[in-house]
Amino acid sequence: MEITHLEIRAALHGAAFPATGDDLASVARVNQAEPEIVELLERLGSDDEFGTIEEVLDELNLDHTALENTTELRVALGMEHTGSIPTV
């Protein structure tokens, strides 16, 4: 299974930073992430702290520099996409 940055972002939705790999694995479990994602985050361990999700993605060697489809991210994070622009 190839894990993408979108899956990691979804698994870490709501994570508080800075956080260790153990902290992030716990968040992923709460978010009911796939076991492979939890295991990957557990391997980051408890020695290093990550200040942002981008630092986590860099450590995992996952490309996150370009997001071609924001709808894909919204769906991955469980946000509804209605296709309309919200008004205030």
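One can find the structure itself at the top, above this paragraph.
What you see is a predicted model, and the numbers here were worked out from it, not measured in a lab.

Chemist: Would you explain the overall build of the protein chain in this entry?
Modeler: Counting its regular elements, the protein chain contains 5 helices and 2 strands. Going from the N terminus to the C terminus, the protein chain shows its helices and strands as α-β-α-α-β-α-α. Across the 88 residues in the protein chain, those meeting the buried criterion constitute 33%. Here the analysis covers contacts within the protein chain between residues at least 6 apart in sequence; of these, 57% occur between residues at least 24 apart. Counting every atom, the protein chain has about 5900 Å² of accessible surface; 47% of that belongs to carbon and sulfur.

Chemist: What is the right way to read the pattern of salt bridges from this model?
Modeler: Opposite charge on two side chains lets them pair, provided their charged atoms get close. For the coordinates displayed, the defined rule picks out 2 salt bridges. In this structure, Arg9 engages Glu54 in a salt bridge whose closest nitrogen and oxygen atoms are separated by 3.6 Å. Linking Arg9 in helix H1 (residues 5-11) with Glu54 in helix H4 (residues 53-59), this pair joins segments that are 45 residues apart in sequence. Arg9 gets classed as buried once you look at its relative accessible area, which sits at 17%.

Chemist: How do you make sense of unusual backbone geometry when you look at a structure like this?
Modeler: Trans peptide bonds make up the majority, and among non-glycine residues the majority have a negative phi. A cis geometry characterises the amide bond from Phe17 onward to Pro18, with omega recorded as 5°. Its identity is not glycine, yet Gln32 carries a phi of approximately 55°, on the positive side. With respect to the helices and strands, Gln32 occurs in the loop between helix H2 (21-30) and helix H3 (35-42). If you check the backbone angles, Asn61 has positive phi at about 55° while not being a glycine.

Chemist: Looking at this structure, how should I read H3?
Modeler: In an α-helix there are 3.6 residues to a turn, and that puts residues three or four apart on one side. Listed as buried for H3 are Ile37, Val38, Leu40 and Leu41. For H3, the arc enclosing every buried residue in end-on projection is 160°, short of the 170-degree limit, so these residues lie on one face. The inward-facing, buried residues of H3 abut H1, H2 and H4.

Chemist: Would you mind going over the environment of Glu49 with me for this structure?
Modeler: Residue placement: Glu49 occurs in strand S2 (residues 49-50). Along the chain, Glu49 and Phe17 lie 32 residues apart, while their C-alpha atoms are 8.5 Å from each other. Leave out the neighbours within four places in its chain, and Glu49 touches Pro18, Ala19, Thr20 and Glu55.

Chemist: Hey, could you run me through H2 in this one?
Modeler: Taken residue by residue, H2 has Gly21, Leu24, Ala25 and Ala28 as its buried positions. One side of H2 holds all its buried residues, which, seen down the axis, span an arc of 100°. Check the buried side of H2 and you find it contacts H1, strand S1 (19-20), H3, S2 and H4. At the C-terminal side of H2, Gln32 shows a positive phi close to 55°.

Reading guide: rules and limits
Residues numbered from 1 in each chain as written. Predicted model: local features only at pLDDT ≥ 70, side-chain atom pairs only at ≥ 80, totals over all residues. Heavy atoms only, no water. Helix = DSSP H or I, 4+ residues; strand = E, 2+ residues; numbered from the N terminus. Buried < 20%, exposed > 50% of the residue type's maximum accessible area, 1.4 Å probe, protein only. Contact = heavy atoms within 4.5 Å. Areas by Shrake-Rupley, 256 points an atom, 1.4 Å probe, with all protein chains shown as cover. Salt bridge = Lys/Arg side-chain N within 4 Å of Asp/Glu carboxyl O. Arc of directions from axis to C-beta.

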